[in-house]
Each structure stands twice: as C-alpha cells, then as structure tokens.
Number of protein chains: 4
Amino acid sequence: MQLGMIGLGRMGANLVRRLMRDGHECVVYDVNPETVKSLAAEGAVGVNSLADFAAALSTPRAAWVMVPAGLTGQTVFELAEHFEAGDIIIDGGNSYYRDDVDRAAKLAERGLHYLDVGTSGGVFGLERGYCLMIGGEPEVAARLEPLFETIAPGVDTAPRTPGRTGEIAQAEKGYLYCGPNGAGHFVKMIHNGIEYGMMAAFAEGMGILEKAGIGRSEAALHDAETAPLAHPEYYQYDFDIASVAEVWRRGSVVSSWLLDLTATALAEDPRLAEFGGRVSDSGEGRWTVLAAVEEGVPAHVLTASLYERFSSRGESLFADKLLSAMRKQFGGHAEKKADG
Amino acid sequence: MQLGMIGLGRMGANLVRRLMRDGHECVVYDVNPETVKSLAAEGAVGVNSLADFAAALSTPRAAWVMVPAGLTGQTVFELAEHFEAGDIIIDGGNSYYRDDVDRAAKLAERGLHYLDVGTSGGVFGLERGYCLMIGGEPEVAARLEPLFETIAPGVDTAPRTPGRTGEIAQAEKGYLYCGPNGAGHFVKMIHNGIEYGMMAAFAEGMGILEKAGIGRSEAALHDAETAPLAHPEYYQYDFDIASVAEVWRRGSVVSSWLLDLTATALAEDPRLAEFGGRVSDSGEGRWTVLAAVEEGVPAHVLTASLYERFSSRGESLFADKLLSAMRKQFGGHAEKKADG
Amino acid sequence: MQLGMIGLGRMGANLVRRLMRDGHECVVYDVNPETVKSLAAEGAVGVNSLADFAAALSTPRAAWVMVPAGLTGQTVFELAEHFEAGDIIIDGGNSYYRDDVDRAAKLAERGLHYLDVGTSGGVFGLERGYCLMIGGEPEVAARLEPLFETIAPGVDTAPRTPGRTGEIAQAEKGYLYCGPNGAGHFVKMIHNGIEYGMMAAFAEGMGILEKAGIGRSEAALHDAETAPLAHPEYYQYDFDIASVAEVWRRGSVVSSWLLDLTATALAEDPRLAEFGGRVSDSGEGRWTVLAAVEEGVPAHVLTASLYERFSSRGESLFADKLLSAMRKQFGGHAEKKADG
Amino acid sequence: MQLGMIGLGRMGANLVRRLMRDGHECVVYDVNPETVKSLAAEGAVGVNSLADFAAALSTPRAAWVMVPAGLTGQTVFELAEHFEAGDIIIDGGNSYYRDDVDRAAKLAERGLHYLDVGTSGGVFGLERGYCLMIGGEPEVAARLEPLFETIAPGVDTAPRTPGRTGEIAQAEKGYLYCGPNGAGHFVKMIHNGIEYGMMAAFAEGMGILEKAGIGRSEAALHDAETAPLAHPEYYQYDFDIASVAEVWRRGSVVSSWLLDLTATALAEDPRLAEFGGRVSDSGEGRWTVLAAVEEGVPAHVLTASLYERFSSRGESLFADKLLSAMRKQFGGHAEKKADG
C-alpha cells in the first residue's frame, strides 16, 4: 500500500523504514531536504514540496503527519490545500485530542478525512513495532489497516491473554480503532498519564531504598529543626539499587518495560550522576489531569506524578518560601539553611 | 539440597513442588495433616510435628517458614526450640522487616541463623519462578544459593539488560542478596509499594477512559450543585476498555505484567461486575509509607495509592460528612443525595 | 449611589439590603416577581422586565448580575441589549474568569464596561459584609468604589496587619481591585481553591481523631486481608470531637472561620448523622486545578481536596473495582465484603 | 496555686509570666542560670538544681517540663528521682503521644502522676493565651484546673459557638481534658497536622496567583520539552499578593490566624526574598501521617503537605534523576537544563 509521510525525524523516518521493509511504498517530505535525500536512498520516493508530495501520491491519498506537536495543526491545513475530497490525513503526533475533533470537523467541510493515531514505541519502535491507537471514521481507519498492521508489533509480541479465543482481534496485533475523531489521541493521552504514574511509582520506591541508610547519619539523629529519627537501628541499609531493579525483572509483580529501562539506566550509572533531576513534562500528562477534573473522576496518583515533575523544576519555590515565612511568623523559626 | 518447609498453603506447596522438580529434597510440615499427606504423595517427606520435622532434617538444618503473616513470629520461635546452633530458619512470608531485625538478634543469641526472603510471584510462581529478595548473613545466604537458584525464574526469563556484560549476576537469575537482616523484606516492601502505585496508575487511567462519555449525560450538563461540563462535545466517547488494555500490551511504554493481568480481568468481564470496589491492603503498602515518612523522602504516589484503598472501603466517611456539614454552615448548601 | 441588581436570591437580596441600609438606591429585578415585590417593600425600586430595569437606572448605568452560574452569560448579554455605551455591568457570581475575559471583550465592542467581582461571605454576608475581589478597567472600578465600600466588611473587622502604616488601603476595608478583566474571579477562584484545602485539612484531621479508638476493635486486630494493628495499646482513645473543635478556637494556630463553623456543626451533632458524606464541588475548585496544571505549578493539596470530593460521590468506583480485579488475578485474592 | 517550671526558653518563660500575672506562684529551673536569674527578677522563685527545685515545691508537687523535644524523656525521669508518690509531672512540650503512654506507665509504678499537655500559641501566647490539650488521669487534670484556666486564652477570646448554651465548658475557655495519657499530645499532633494542611493550602494558592502572568513569558509559549501554553491570553495577570492576603482577612471564608500571619509576612516583603524555600518539619506532621496509616484512614492533604516540605529540602532528588533517566531511555530525551 502507499503512504505519504511528512516529517522525517527519528519517529517519522523509522515508521517509513518499517513500512518499506514490509513492502509498502512511501512518499516522503520534510522541511530538511537532507533527511528526504537520506530516506530516498533507502528506497522512499523523496519530494521537496507539499505540491510535489500531493502529486506523487495516488488518489485517494493517504498521508501521515509526524511533525513536532506545535506545528501539527498548521501542517495539516497546509497539506489540505493540496489534497482533495476523499483523501486521508493522519496525525500521528502527540496532539491534544480536542484539536483532532476540531480539525476533523474543518477538513470534513471539504470532504477530507482525518485520522488521529496515537503512536507509542519510542526509540525502540523500528524493531519492536509501534502501538497504535486510532480515532476517526471507522471505514477510513479500516481502509488503512494494512499499514497499521505493518507498523504495529504484531500478535506474537505477547502471549495471548487467557480468556481470549477465536479470531485474533486488532488489539492483539498492537493497533486499535478506538472510536470517532479524538479517540485515538484520548487513549494515547491516558496511556501517557499512566506512564507518568508508573514512572513515579518506581522513582519514589527507589528513592526510599536509596535513603535507607539514614540511620547511620549523624544529622538524622540530632537535628534541631526536625524530629530525630526514633529508630536508627532500622535504617542501616546500603542497597545496590541497580541490582534491585535487575532482580525485579524476573518473576516479580512489577515486571514491566519501564523496569527494564530503569535497570538499564542504573546499570549504566547507579548514581545517575549525569542527571540534575529537572524532569520535563509533555502535554499528555497535563491533559490527563484536565480530563480527570472535567469528568469529575479522582486521579490522585496521575496528578501527583505530574506535580512531582513541576516541583523537580523548582516550580514550588514561592509556595515553599511562604511556608517558611509563616513558620517564622507564628513560631519565630528561622529558616534552616542547606547543609554546608 | 535439602530444605524443610513449614506451611503448605498455595505458596509453600508450590515452592516445594518447584524444588522437587529440580531434584531437591523437601521435608514438609503443616498444621493441616491433609496437605502434608498430599505433598508427601508428590514425593516430599511428610511429618506431623515440629519435633519430627527437626529430626527429619540433616544438620545443619535449613527450614523455610511460609505461614500467614500474623503467625510467622510465633512459628519461628517454636521451631527454634527444636533447632540447634548452626541451623538456618528462613522467613519467606510477608514480615515487617523490623521484625526480622529483632528476630534475627534473638536467634543469634542461641547461634541460630535467620534469613528474611521476600518472595514475589503470586499464583503463577510455580511455572514462572519466584523473585527472591534475601536479607541476613552473607555466608548463610550463600550456603543456600542452590535452593534460591531453583526457586527463582532464571536468567532466560528476560533478555539481558544492555550494558551488563561478563558473568551472569545473581540478580539476573531472579534472586538477590540484599544486605543484613531485614534487607530482604525491606526490598520486598518497596516492591509492593511500587506495585500499589502501578496498580493505581492503571486503575485511575482506566477510570478516566470509562467516564469519557460523560458529555452525553444530561446530569453532567445541568447539575445545580456542580459546575456544568463546559465542553460536552469533547466527552462523547464509549471506549472498549478491554481492547485498550489489550492493545497496550504490544509495543507501548506501559507494557507490564500488571497490564497483562488487567487485560485478562477485562477480557473476562469489562464491567468487572463481580467486584464491589472494596480494595484490601496488606502490610507492605503501609510500611512503605512509614519508611518514606521516617526517612523524610516524599512519596506522593505510593501514599495516594494506599489511601485510595482506604477510601474504597469507606474510611473517609466521617471526613466527608464533615465537609458537607461545613458547606451547609457557610453556604447553606444542603447535601445533595445520590441520584435516584 | 445608585445600583441595579438582577437576581434576588439570598445573596443578591442581601447585597441590596446592605446597600440600602447604607443609603444607596437600588433598582431590583428578578424572574420571580414575588422576590421583587418583597424587596420593593423594603425600599428598593422593583421592576419586572429588563427594559424597565434599564429605564429605571440613571445613566451611566451600573448593574450587578447575581444569578446562578449557568445563567450569567446569557443574562449579561440580554441586559447589554438594553444598555448603552458607558454603562457598567458587574458580574458578582461565580463565573469562570476566562468567561469574564471573553465577555468583557464582546461588551467593549459596544462601549459597555464589565467588571467581574468575586464575592465571598456566604450566608453571613449581610451582617459581616462581603469580601470583594474586583477585575476590569481600573477607572470603572474606581467609579463604583462607594458601593464596594458599603458591601465590604470594613476596616474594623480585623486588627491592622503589623507593618502596615499610613492611609488605609482598599484591601484593609475588605475589597480589592485585582487587575484587568478576569482578575477578580481569578482571585476568587484561588480563594475557593484554598478553602477546599483548608476544609479538607480539618476533615482529615478530625477523621483521624474519630478513629483513634481502633485499638479496641477486634476487627483491627484479626483481619485476614489487612495487616493487624501492631500496637493497639496506642489507639485506645474516644475523643469528644466537638470539644476539640471548640478548644482550638481559642489561642491555637488553626483558629479560623472554618473552624468556627466546624465547631458549630459538631455542637449541633457530633456524629453528623444528618449527612451522608456526598460532598458537592462547584466550579472554582476544578478551575483552580486547571490553572495550576496550565501554569505548571504543583498543587498537591488543593487537588487532593477536590479529588476527595469526587471520591465521596463514588466516582472512583470503576478504578477500585479494577484494583480488586488485579489483586484477584495475581494473588487469587477474593475481594473482601463489607462487614455484616 | 503553685507550679514548678523546668525549661525557661521563650515558651516556658512566657508561661511563667502569664501565671505570675494572674497571681500564681512559680518555682523555676533551667540548665542556664542566667534565665533563672532573669525570671527570678520578675518574681519567680529561682533554683539551680533539680534537688532544690523539688525542695522548693510544696507537696503534692506539680511541675511543668518545657524543654526541647529530644530532652523531655530524660528530664522527666531525672525529675522523678526527686519527686515522690502523689506528685505530678506535666509534659508541655511536643512529645510523641506514645512516649506519654510509656512514661506515664513507668511513673505510675512509683505512684507519680503524669499529664501530657499539648500547648499551642507560638510567640503570641503570652498575650493571647495558650490553647491547652490535656491527657492523663481526669482527677489529676482537674486538680490543676486553676493553672490551665490562667494559661488558656479565656472564654472572651471568641464569640460563643451557636448552639452552645448553659454553663461555659472547659473547651470554651481554651483548655480541654482530652482523655487518658497521650490524649493531649494526640490532639495536639492532629492540630499540627491540620496546621500543615492549612499552610500548604495557602502556599499553593498563592503560588498559582504568583505565576498567573505566565502567558506573558516567551518561554511558556515556545518550549521544546513542554507543551506550549494553549491560551496565553488567560494568563496575563500581575497580582499584588500582599493585598490579596489582606483583602481575604475581612469577610472571606478563608479568614484565619494563618492568613493574618501570611498577610504580615507579605506586607513585610511580597517577594519573601529572605527565604530560600527550605521548609522544616517537626515531629507532629510525621506522626499524624503515621497515625492515619495505622488507623487506615485516608489523609491525602495532610500527607501531601508534609511531603511538600520534604521536597522543598531536595529530598526527591534521586527520584527526579531517575525520572529523567527513564525518559532518556525510552524517548532519547536529554534532560533539559535550568534556564540560563
């Protein structure tokens, strides 16, 4: 089958490679002509303008937009100028699902179809395949199923879920039609929200392990501003955290891909000296919280994991200053300085 | 190698089976003679008293205690009456790591050795193997390594972590000597704390998906006590949550054993009608929070996941009543009744 | 000074009464003619249509809209039909500050002015006065200052803040020009967000006091699914919670109006038997969280207090069922039923 | 009435002054003879050893111990050496209520009585009075009621709670017999836990106000690692936070002593430049969380407010590094550095 790809960053380029390996034909475009040339050398049809892009695709066209989140809307509508009724534009990036709903409605006015495809897989997707969450008109999604089947990891990636019988379902191959427009990115948003929560669970747990020797620290026992540790004898450990992550990879309840990655990171450097602890967040974590609030569904864990990232970047500084200021007011407590 | 097993519940019995399959000799005891008989029929040496148990084991003895958490301490000390200097008692249950520290000190007065072995694996351990986290004297742990190697899942259960080279480490086989007494159960405690957080992450995310059709509900749009949903058009979804869990199993960042189990549960019944939503908690989640507080390390996510379980059992009722009472006081708001 | 009031619910009517007591002239309108009649009997100029309302006000007109949140926008624009350039419309309700920004822009096209005035005071405002947070054009807010001064509690309500000297500032009288449109409701939104957090702090603390006798409960000591309480001897209390709330009212750090209300509610009935514990939430708590997320500022406490309300209404049910389902999958744990 | 005071720091000295003003006789001791001399000059009976202290008190003796938390136990038992059956030792410091239970039991073996008196009031107590929460034998507490009545703020400090009638209760005067030993400090512990939550509510709310101009920041609009702010037009405010705190002091729902202190601190310096944002925590916040966990009662807000303090001191650093490390592993994301 034929697919056009706009945006040849790591993710777009690897999608193209995975499609070509399986015999699909790819027309590729990027604002950077070098990356176009490079993929053309691997067998893609390279073009250098949206007009050429549209011309190179057979109708009804299908084009996948894989550009940075901030540019997706603009790219979709520019592309639409060159497309005609019946063509399909796929947003494979990390769009806010509400933008999908709005964009699809605008494109529909001109007879264009729009699919939002949440795509998970990270840097390993070329080999592992990408998990795809698809929103849009069902018959349009169905038309492109051969592409999704190639991109997705495939049924053999995981053992069959007990209780599932009969024909293999889409979801078992690693892609899923989730519902009307926005549904794909909604599911991807929640996926990332869960990812934040799981990451925080590991990080917090490891943080407690890392400090389990606090009973050996003089400071913990004699601190004018903090209650001294009542039972230092129970905090005398010095855990090899990299080994702990490793041992959990086999047979434990927390086995997961994120644990595998944790083990890899800690095997490289158990002190993680390379990192300063300023954790970025992308849109999905925030949007997940907005959805929880608007739906009126509690999401303590997902929200806390987002806020931890804000805090890691110093965003609670004013609040913290105010806490120290209040303590000084009512108790005359001077703020304790950092050690040293 | 020879091992005695006290407590032949599902976990103890399966440990014995896994050991015997691999050629180890097991002496087994349980307060229920039927379970002793049943395992004896599978090849174990069955005994019906602690005295016989001690007599049947060659010295220096090694015995694994696998009884309900509330009975472990008592069983350990009763067994110790029949053991002698140089013998080893292993606590494989879910003990509080502080109890291990205390018990080990008491047994040491009589020359007995004590190992605390956190054991993860659940109902699948017989086939998958059990992840083992070991605390105690290093040479004592080393002496029993052949047993741990059999019980653990083994190196082939997971691909090697990138960056690890050379000889296969303990952790890569699925068991780990973690440090002095208590270390094994400390690591197991944190493991379970993380497990709580991961479970909550999935549960909350699925909860948001489950309510994503709220824009179609009249109640959400006209509710005297709650702000009406500003944009119902963005909450029109009706997700097939079982399929969502399934699709994430392949290629996504949240791939994990807990996701596999979630997919299984939802495949059985996507409405989970069998459950009332009263979630139990065992000691480890609580102890993890106590450790975080005593160490002075933030653990928002792990704690919230514990508190969610308390709430699910109605434990916030008094607080909630007080909130309604305050609202009535300052705003004259009558408490809104449940619908219907 | 003259002011028109649209909406004569408890809050609107009391504002009118407080204004008239201080010599201001009020023109009043409500969809319910009875309430108009009733306030007219107290001295207001009652009218029965928006046209009459506009006619009865001298130009440039000033009208305060105090209708349920869902009707504010519509009322403002209907009123604007009868108003002319230079007139002022005040939204004193609980609008989302973003709506203020949008409405003000629309009204400005026609030369109309708009003020958003967050109003706090609840059922006690008639006597205590209302705290006013004002957004809009500064000169427009300044023009109505005599009205705000009457409505606000006045400088004598609280002792002067140490460090403040010289002329009495607006804020010290209980009203504040906060900034351009939306600023008034933004500050009111945060006020309510803080209120949620304070309420939850009291509720949670009282909840812990209320259960401090758990050590006397057999269930706490022998529970198959939960770790037994390790030290029941420390949980033997039976606190008189109404008295605790009362004693804190004098001299303690948590002295506050919300504590006064808590003490009142508990004096009425320390068991709060009238309440079922389903806590409503209005828009401000939710909007506060949305603002925190969009600004990237952590707000663990304010968010948790919102989510507690969601939970109190059963909104975590699906998530909780899923937790029980996972526990059954990996551990074979049947869900524990409620007692009895 | 006569009372001995051990420990003449700010709190102990002010208690003595307040008692003497009301005609009570005070015998005072401190390890620092200067402070003894200074209070003796104000009318107290100063002594320079525990033996002299015991000798100077008439039997049955009553002594109040007001020393730093870490020294209380030792001081109580040293004092007990000089006391005899029937005497009363009062712990007015911030002891863990469990220590009270244990100490009282030990003293009871020798016929000594022990009261635990949680004391709130901070630096303002001399003038405002101290809120007292009392645990111990009821008849012993009753015997000292004249002292408590003097120390407490008195009934006029707050208007009577609606619904309370008849004789003025203890709680209405500002002191309360809470129950057997430990009850006083248990209630004080919860008081401080609530205080943490209220402080955090104000701090977080103010933090959101403080950043409400983020829409004017270029960084917020174009950030490669964070989703750009979707609606910068709604985040254009520049709030005068000191004035906001001030205006809320009159007529608003969040009126409270902590708000008064916040207003004072912000009036001194709205940027709080004196503070670095490292917030100390004392024992009570931690013990409150431990009690919530052991009782199985959710306390999201109180716990989050404690964890925020830990975070403010950098205690989440390892966890945050691990989050950045995971992000790098799965997404190839380099950690973003702090600006500049």
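Procedures and definitions
- Residues numbered from 1 in each chain as written.
- Chains lettered and ligands numbered in written order.
- Predicted model: local features only at pLDDT ≥ 70, side-chain atom pairs only at ≥ 80, totals over all residues.
- Heavy atoms only, no water.
- Helix = DSSP H or I, 4+ residues; strand = E, 2+ residues; numbered from the N terminus.
- Buried < 20%, exposed > 50% of the residue type's maximum accessible area, 1.4 Å probe, protein only.
- Contact = heavy atoms within 4.5 Å.
- Areas by Shrake-Rupley, 256 points an atom, 1.4 Å probe, with all protein chains shown as cover.
- Lys, Arg positive; Asp, Glu negative; His and termini not counted.
- Charge placed at Lys NZ, Arg CZ, Asp CG, Glu CD.
- Phe/Tyr/Trp six-rings, centres within 6.5 Å; stacked < 30°, edge-to-face > 60°.
- Lys NZ or Arg CZ within 6 Å of the ring centre and 35° of its normal.
- Expected span 1.5 Å × (residues − 1).
- 1 Å grid on protein atoms, 1.4 Å probe; cavity = no way out; pocket = protein on both sides within 12 Å on 5 of 7 lines; lining within 4 Å.
- Points joined across faces, edges and corners; volume = space filled by probe spheres on them.
- Nonpolar A, V, L, I, M, F, W, Y, C, P; charged D, E, K, R; others polar.
- Buried area = accessible area lost by both parts, 1.4 Å probe.
- Salt bridge = Lys/Arg side-chain N within 4 Å of Asp/Glu carboxyl O.
- Least-squares fit on C-alpha atoms with pLDDT ≥ 70 in both.
- Polar contact = N/O pair within 3.5 Å; in protein donor to acceptor, adjacent residues only side chain to side chain.

Describe the overall build of chain A, with residues and values.
The helix and strand tally for chain A stands at 16 helices and eight strands. Counting across all 340 residues of chain A, residues that qualify as buried make up 65%. Look at the contacts in chain A between residues 6 or more apart in sequence, and 64% of them connect residues 24 or more apart. Counting every atom, chain A has about 11,300 Å² of accessible surface; 52% of that belongs to carbon and sulfur. Distance between charge centres in chain A, computed from 30 positive and 47 negative side chains, equals 3 Å.

Help me get a handle on the packing of aromatic side chains, residues and values and all.
A full pass over the atoms with the stated rule returns 48 aromatic pairs over all chains. Judged by centre distance (4.6 Å) and plane angle (20 degrees), the rings of Tyr-96 of chain A and Trp-287 of chain A are stacked. Placement of Tyr-96 of chain A in the loop between β5 (88-91) and α5 (97-108) and of Trp-287 of chain A in helix α14 (residues 283-295) is noted, with a sequence separation of 191 residues between them. Take Tyr-96 of chain A and Trp-287 of chain A: they sit in the same class, and that class is buried. In textbook terms, an aromatic cluster arises when at least three aromatic residues are bridged by ring pairs, as seen for Tyr-96, Tyr-97, Phe-186 and Trp-287 of chain A together with Tyr-234, Tyr-235, Tyr-237 and Phe-239 of chain B. The positively charged end of Arg-61 of chain B is found above the aromatic ring belonging to Phe-83 of chain B, 5.5 Å away from the centroid. Arg-128 of chain C extends its terminal NZ or CZ atom over the ring of Trp-257 of chain C, reaching a point 3.8 Å from the ring centre.

Give me the lowdown on helix α14 (residues 283-295) of chain C, citing residues and values where you can.
Residues and elements named next belong to chain C. Helix length check: α14 (13 residues) gives 18 Å between terminal C-alpha atoms against 18 Å at 1.5 Å per residue, within 8%. The element α14 is extensively covered by neighbouring structure, given that 13 of its 13 residues are classed as buried. Following α14 by one or two positions, Gly-296 adopts a phi angle in the positive range, close to 75 degrees.

Requested: an account of empty space enclosed by the protein, with residues and values cited.
Per the stated rule, a full pass over the model turns up six cavities of 30 Å³ or more. The space that makes up the largest cavity amounts to roughly 150 Å³. Surrounding the largest cavity, 16 residues form its lining, His-300 of chain B, His-300 and Ala-304 of chain C together with His-300 and Ala-304 of chain D being those nearest its centre. Where the lining of the largest cavity is concerned, the elements lending two or more residues are α15 (300-312) of chain A, α15 (300-312) of chain B, α15 (300-312) of chain C together with α15 (300-312) of chain D. A breakdown of the residues in the lining of the largest cavity according to their chemical character gives eight nonpolar, eight polar and no charged.

Tell me about the interface of chain A and chain D, and name the residues and values.
With 65 residues of chain A at the contact, the number on the chain D side is 65 residues. Together chain A and chain D conceal approximately 5,900 Å² of surface at their shared face, both sides included; 63% is due to carbon and sulfur atoms. On the chain A side of the interface with chain D, the three residues burying the most area are Phe-318, Gln-329 and Phe-330 of chain A, jointly 13% of the side's total. At the boundary of chain A and chain D, one finds four salt bridges. In this structure, the salt-bridge partner of Glu-315 of chain D is Lys-211 of chain A, at a minimum N-O distance of 2.9 Å. Elements with a contribution of two residues or more to the side of chain A that touches chain D: α10 (183-210), α13 (257-268), α14, α15 and α16 (317-331) of chain A. Broken down by element, the side of chain A that touches chain D gets its largest block of residues, 15 residues, from α16 of chain A. The residue makeup of the side of chain A that touches chain D, split by class, is 27 nonpolar, 16 polar and 22 charged.

Break down the relation of the copies chain B and chain A for me, citing the residues and quoting the values.
For the pair chain B and chain A, the relating rotation is 180 degrees, the translation along its axis is 0.0 Å, and the fit reaches an RMSD of 0.0 Å. Here the symmetry operator amounts to a two-fold rotation axis. By C-alpha distance to the rotation axis, the residue of chain B lying nearest is Ser-256 of chain B, at 1.9 Å. A symmetric contact is evident, with 100% of the interface residues of chain B recurring at the interface of chain A.

A description of the environment of Thr-165 of chain D should follow, citing residues and the corresponding values.
Residues and elements named next belong to chain D. Relative to the helices and strands, Thr-165 resides in the loop between α8 (145-151) and α9 (170-173). With relative accessibility at 65%, the residue Thr-165 sits in the exposed group. Along the chain, Thr-165 and Ala-230 lie 65 residues apart, while their C-alpha atoms are 56 Å from each other.

I'd like a rundown of the interface of chain B and chain A, residues and numbers included.
Reports of interface size often rely on the accessible area that becomes lost once the parts have come together. In this assembly, 92 residues from chain B lie in contact with 92 residues from chain A. Taken together, both faces of the contact between chain B and chain A bury some 7,700 Å²; the carbon and sulfur share is 68%. Between Glu-246 of chain A and Arg-164 of chain B there is a salt bridge, and its shortest N-O distance comes to 3.1 Å. Where chain B meets chain A, there are 42 residue pairs in polar contact (both at pLDDT 80 or more). Take the side of chain B that touches chain A: its biggest share by element is 17 residues, from helix α10 (residues 183-210) of chain B.

Lay out the environment of Pro-60 of chain D in plain terms, naming residues and giving numbers.
All names here are of chain D. Note that Pro-60 resides in the loop between α3 (50-56) and β4 (62-65). For the pair Pro-60 and Ala-85, spaced 25 residues apart in the sequence, the C-alpha separation amounts to 8.2 Å. The contact partners of Pro-60, leaving out residues within four places of it in the chain, are Gly-86, Asp-87 and Arg-143.

Residue-level account of the pattern of salt bridges, with values.
For side chains of opposite charge, pairing can occur when their charged atoms come near one another. Enumeration over the complete set of coordinates arrives at 76 salt bridges over all chains. For Arg-286 of chain D, the salt bridge goes to Asp-281 of chain D, with nearest N and O atoms at 2.7 Å. You'll find Arg-286 of chain D and Asp-281 of chain D in the same group, each marked buried. Put simply, Arg-164 of chain A together with Glu-246, Arg-249, Arg-250 and Asp-260 of chain B are held in one network by salt bridges that share partners.

Break down unusual backbone geometry for me, with residues and values.
Here the amide bond leading from Thr-59 of chain B into Pro-60 of chain B is cis, since omega sits at -10 degrees, within 30 degrees of zero. Residue Leu-272 of chain A is not a glycine yet carries a positive backbone phi of 55 degrees. Here Leu-272 of chain A shows up in the loop between α13 and α14.

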